[in-house]
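Overview (structure and organization)
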Amino acid sequence: MEMSRKPRTPREKYGEELRLRRIAAGLTQEALSERVVCSPTLISHWEAGRRLPKPDDARRIDIALNTDGFFVRWLADLDSKFAQFFTPVAELEREATEIRQYGLSLIPGLLQTDAYARAVFQSYRPNHRAEELDELIVNRMERGRLLRESATPVTWTLLDEAALRRCIGGPPAMAEQLHKVADMAESGRLRLHVLTFASGAHALLESSLYLLNFADAAPLAYVEGLRTGNLMDDPALVEACHASYTLALSEAASQQSSVALVRAIAEEHEHAPHQPHRRLCRDADRLVQVQLQRRLQR
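The text that follows walks through the structure, step by step, so that each part is easy to find. (Residues numbered from 1 in each chain as written. Predicted model: local features only at pLDDT ≥ 70, side-chain atom pairs only at ≥ 80, totals over all residues. Heavy atoms only, no water.)

Here we come to the overall build of the protein chain. When helices and strands are tallied, the protein chain shows 13 helices and six strands. Sequence separation of 24 or more characterises 72% of the internal contacts of the protein chain that already satisfy a separation of 6 or more. Just so you have it, the protein chain exposes about 16,600 Å², and 52% of that area is on carbon and sulfur atoms. (Helix = DSSP H or I, 4+ residues; strand = E, 2+ residues; numbered from the N terminus. Contact = heavy atoms within 4.5 Å. Areas by Shrake-Rupley, 256 points an atom, 1.4 Å probe, with all protein chains shown as cover.)

Written out as structure tokens, the structure is:
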């Protein structure tokens, strides 16, 4: 079986079809660009799947290639609900046979509850509008259907203990989130392992990681930072990411111990004070003062 083929996103398939129809019509990129009223570079971007034409551009493409509205109709199905850097990942994960994900400071999006996701989105959108926030949450919950309504892909989830203890959305929301993760693990829908604080340094300490494997295409790796993401298809980089995941997994607790720990931390959140962050801040301040006094006394 050929495994070196790169998985193609729907927008890349759109671009490839545009290229084939253009060639069949006997047009160069320059000739098509004149008819569509755009630059040849933009035609190149469309054909490579790096960008999508606007509806008016798609209509002019249909006229130029005599395709009877084909590209306009297909374009409507490609309107992305996600950030541009994440769109290819959201499209390709639906075709994956196996997902391996690592959450460094957050519960991965596929596993998030409504309340948890809302708190995450609110944290970096201080001037959000309610309808925009609702749309983001609906899209994230829609992604989660991949695991709720199908036995595939096989899913491995590795979580840092920090992702379990950081109280996002308040204690009730955090407890609900952790119970959901534990429920999914106990039901057999995902394999769950936790990297505890006791494990110390590990191979994924610097980044979250998302690995996608396919039945008939080469695997991919994805990492994400602030307002950016990087989808990797270079075989050497992807192999290195898989090796890092395997190394980190070897340091993690067993599934049984991990589920028990997630349940225990969920109960801690359930019984936490109403404003735990203030108590923790006061505790941290006292600890710093004690350490400072000890140093001054040396």
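Counting across every chain of the model gives seven aromatic pairs. Put simply, the rings of Tyr14, Phe70, Phe71 and Trp74 pair up and form one aromatic cluster. Here the guanidinium or amino end of Arg21 rests over the ring plane of Phe70, the centre of that ring lying 4.5 Å away. Residue placement shows Arg100 over the ring face of Trp156; its charged tip is 4.2 Å from the ring centre. (Phe/Tyr/Trp six-rings, centres within 6.5 Å; stacked < 30°, edge-to-face > 60°. Lys NZ or Arg CZ within 6 Å of the ring centre and 35° of its normal.)

Ordered by their spatial adjacency, six strands build an open sheet running β3-β2-β1-β4-β5-β6, and the pairing between neighbours is mixed. Only two strands of the sheet have a single neighbouring strand rather than two, namely β3 (191–195) and β6 (228–232). For this sheet, the mean inter-axis angle between neighbouring strands, taken without regard to orientation, is 15°. Summarising the sheet, strand β5 (residues 220–225) and β6 pair through five bridges and their orientation is antiparallel. Among the inter-strand pairings, Tyr222 is bridged to a residue of β6, identified as Leu231. (Pairing = 2+ DSSP bridges. Axes fitted to C-alpha atoms, helices over the stretch in contact; angles between N-to-C directions.)

The next subject is the pattern of salt bridges. One pass over the structure, following the stated rule, counts 17 salt bridges. Note that Glu98 is salt-bridged to Arg100, the shortest N-O span being 3.5 Å. A single burial state applies to Glu98 and to Arg100, both of which are buried. Of the charged contacts in the structure, one is a salt bridge between Arg263 and Glu186, with a shortest N-O distance of 2.6 Å. One end of the pair, Arg263, is in helix α12 (residues 255–270); the other, Glu186, is in helix α10 (residues 171–186), and 77 residues separate them in sequence. (Salt bridge = Lys/Arg side-chain N within 4 Å of Asp/Glu carboxyl O. Buried < 20%, exposed > 50% of the residue type's maximum accessible area, 1.4 Å probe, protein only.)

We now examine the environment of Glu93. One can find Glu93 in the loop between α6 (87–92) and β1 (98–103). A sequence separation of 118 residues divides Glu93 from Leu211, and the C-alpha atoms of the two residues are 9.4 Å apart. Every residue in contact with Glu93, bar those within four places of it in the chain, is listed here: Ile99, Leu110, Arg143, Leu146, Tyr210 and Leu212. A distance of 2.5 Å separates polar atoms of two side chains, one belonging to Glu93 and the other to Tyr210. (Polar contact = N/O pair within 3.5 Å; in protein donor to acceptor, adjacent residues only side chain to side chain.)

So, about the packing of helix α4 (residues 55–65) against helix α5 (residues 70–77). Direction vectors running N to C along α4 and α5 enclose 150°, while the axes themselves pass 7 Å from each other. When the axis of α4 is compared with that of α5, the two are roughly antiparallel. Residues Pro55, Ala58, Arg59, Ile61, Asp62 and Leu65 of α4 pack against Phe70, Phe71, Val72 and Leu75 of α5. (Parallel < 35°, antiparallel > 145°, perpendicular 65-115°, else oblique.)

Quick look at the nonpolar core now. Ranked by internal contacts, the top residues of the largest apolar core, which has 37 residues, are Ile107, Leu164, Leu178 and Leu192. In terms of residue count, α10 provides more of this core than any other element does, six residues in total. Leu164 has contacts with Ile107, Leu159, Met174, Leu178, Val194, Val262, Ile265 and His269, leaving out every residue within four places of it along the chain. In terms of nonpolar packing, the next biggest core, distinct from the first, is built from 16 residues, Tyr14, Leu32, Val36 and Cys38 among them. (Core = buried A, V, L, I, M, F, W, Y, C linked by side-chain atoms within 4.5 Å.)

What follows covers helix α1 (residues 10–24). Its 15 residues give α1 an end-to-end C-alpha distance of 21 Å, which sits within 8% of 21 Å, the value for a rise of 1.5 Å per residue. Among the residues of α1, Arg11, Glu12, Tyr14, Gly15, Leu18 and Arg22 are the ones counted as buried. The buried residues of α1 occupy one face: seen down the axis, they fall within an arc of 155°. At the exit of α1 stands Gly26, carrying a positive phi of roughly 75°. (Expected span 1.5 Å × (residues − 1). Arc of directions from axis to C-beta.)

Another aspect to go through is the environment of Ala173. Following the sequence through the fold, Ala173 ends up in helix α10. The exposure class assigned to Ala173 is buried, which follows from its relative accessible area of 9%. Contacts of Ala173, omitting those with residues within four sequence positions, involve Ala115 and Ile168.

Tracing the backbone through its elements, the reader meets Arg100 in strand β1. A polar contact of 3.5 Å, which involves the side chain of Arg100, links it to the side chain of Glu98. If near-sequence neighbours (up to four positions away) are discounted, Arg100 is found in contact with Trp156, Leu209, Tyr210, Leu211, Tyr245 and Leu249.

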